[in-house]
Amino acid sequence: MSYNQPGPYGGQQPQQPGPYGGGQPQQPGPYGQQPQAPQPGYGYPQQAPQQGNYSQPQQPGPYGQQPQAPYGQVPPPPPPQGGGKKVGLIIAAAAVVVAAAVGGYFVFAGGDDDKGNGKGGSSDVADGGGSGVKDDGPHKLITPATVLTEYKKNDEAGSEGGGMTSGDAAEAEKHGVKNAKDVAAQYQSGDESNPLSQKILQFNGVYGDIADPEKLVDAMFDEADKNAKEGDSSGESMTLVGTPKSYSPAGLDGAVMKCQEMKFNLGGGSAGTGSTAGPSEMSMATCIWGDNSTLGIVITTDMASAMAGKAADLDEGAENTAKFRKEVRVKL
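Residues numbered from 1 in each chain as written. Predicted model: local features only at pLDDT ≥ 70, side-chain atom pairs only at ≥ 80, totals over all residues. Heavy atoms only, no water.

(A) Spotlight on the sheet that holds strand S4 (residues 177-189). If you walk across this open sheet you meet the 8 strands as S2-S3-S4-S5-S9-S8-S7-S6, and the pairing is antiparallel. A strand with exactly one partner marks an edge of an open sheet, and here the two such strands are strand S2 (146-147) and strand S6 (237-246). Relative to strand S8 (residues 281-290), strand S7 (residues 256-265) runs antiparallel, the two being bridged by 10 bridges. Its bridge partner lying in S8, Asn265 is registered against Glu281. (Pairing = 2+ DSSP bridges. Helix = DSSP H or I, 4+ residues; strand = E, 2+ residues; numbered from the N terminus.)

Below you can see the structure in the form of C-alpha cells.
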C-alpha cells in the first residue's frame, strides 16, 4: 500500500520505521494535527491492522464493515424501547399507590353520627333496610395469595388487616358493626413488563356482627363522597361519578351490592411525572357488598382502559366482586 493513500486504518504506515515518521506531515488525516502528542492508538503501530476498529472512533465507516463488531447495530434498539414503555411502567406503579389511596377514602369516622346527621349518612336509610339480606351465619374475611385465577397478592402494597384501633372499632359500632375486625390487601394481574396488560384490585373489608348491611354500604359511599369533597393539599383528588347503583350478579347469594365509578385526579398528569404521555386521571370501578357478617370494598382498575381515558366498567366490576366475595369470605 502506498504511504500517500489513507487506507482503511486512517493512514497507518506499517512500512515506516517509527510511529511518528517523516511522512506524516503530508497526510493530515484524523491524527495528523497532533504529531507531537503521543496518541493511545499509536503506542503499538505494528498491531494497528488487528485493532483498526478500536483506533478510529471518529470514523463510522469501518464499524459498519466489521461483522464481528456489534457496535453498528447497538444504537438503533434503544429508541423503540424508550420513553413510552418507561412512562407506562411508571403509571402502572403509580396506579398501585392510587388504588390503595382510594381505599383510604372509605373509613369509619366519628363526628355527628350519634346526632343522626353524621358523615355516614345514616339518616338517609331507614332502620331495617337490610332485613332482606340472607343470613347464612357468621363469616370472616381472608386474603388468599391468589384470587380470581390470575390476580396475585402484592405484599408490598397493603397489610393483612388488624389495623383497627379501639377508636376505629368504636366508630364501626356506631355504624352498626359489632366486634369489628378489618382486612386489607391488593392484587395484580398481567405482565409487569407490559403495563397495558395489568389490572389492579384493591380490597378493604370489615367483618363482625352487622345489623343493617344496606345501611352500612350506603354509609361507606357517603363517607367516601365527603372525604373526596374535602380534598387535600397534595393536588391529588378523587371524584365520585353519579350515584351508587345496585347490582345483583349471579353468585352474590342475596347480599347487598352497590357500585360507583370513581375518578382519581393525578395532579399534573402521568401519575405525577409531569409528562403529558399519560392520563391526567384514572377511572376505577368501586363496588361494596354487605351481608350480616361482612362488608367488602373492591376497587378495580384496568390499565389499558385507564391509559386510554375510558370510564370504568361497573358491570364487570360487579361480576368480579361477586366472585371475589366467594373466595375471601369463609365460615367461622
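(B) Representation of the confidence of the model for the protein chain in the model. With 59% of its residues at a pLDDT of at least 70, the protein chain reaches an overall mean of 73. Confidence, read as mean pLDDT per element, is least for helix H1 (residues 52-55) in the protein chain (42) and greatest for S2 (98). A low-confidence stretch, residues 7-14 (pLDDT under 50), is modelled with 22 contacts involving residues beyond four sequence positions or located in other chains. Confidence drops under pLDDT 50 across residues 16-26; counting only partners more than four residues distant or on other chains, this segment forms 12 contacts. (pLDDT = per-residue confidence, 0-100. Contact = heavy atoms within 4.5 Å.)

(C) Structural detail: the pairing of strand S9 (residues 294-302). In terms of residue burial, S9 counts as a mostly covered element, since 8 of its 9 residues are buried. Pairing of S8 with S9, which is carried by 6 bridges, proceeds in the antiparallel orientation. Opposite Cys287, over in S9, you have Val298 as the bridge partner. Linking S8 back to S9 in an antiparallel pair, the connection comprises 3 residues. (Buried < 20%, exposed > 50% of the residue type's maximum accessible area, 1.4 Å probe, protein only.)

(D) Expanded view of the packing of aromatic side chains. Scanning the model with the defined rule gives 4 aromatic pairs in all. Considering the side-chain rings of Phe203 and Phe324, the 4.9 Å spacing of their centres and the 70° angle between planes classify their relative orientation as edge-to-face. Taken as a pair, Phe203 in strand S5 (residues 199-210) and Phe324 in helix H7 (residues 314-328) lie far apart in primary sequence, 121 residues in all. An aromatic cluster is defined as three or more aromatic residues linked by ring pairs; in this entry it consists of Tyr187, Phe203, Trp289 and Phe324. (Phe/Tyr/Trp six-rings, centres within 6.5 Å; stacked < 30°, edge-to-face > 60°.)

(E) How the structure looks around the environment of Thr146. Position of Thr146 among the secondary structure elements: in strand S2. Under the relative-accessibility criterion, Thr146 is labelled partly exposed at 33%. Taking the C-alpha atoms as reference points, Thr146 and Gln188, 42 residues apart in sequence, are found 9.4 Å from one another. The residues touching Thr146, leaving out its near neighbours within four places in the chain, are Tyr151, Lys152 and Glu327.

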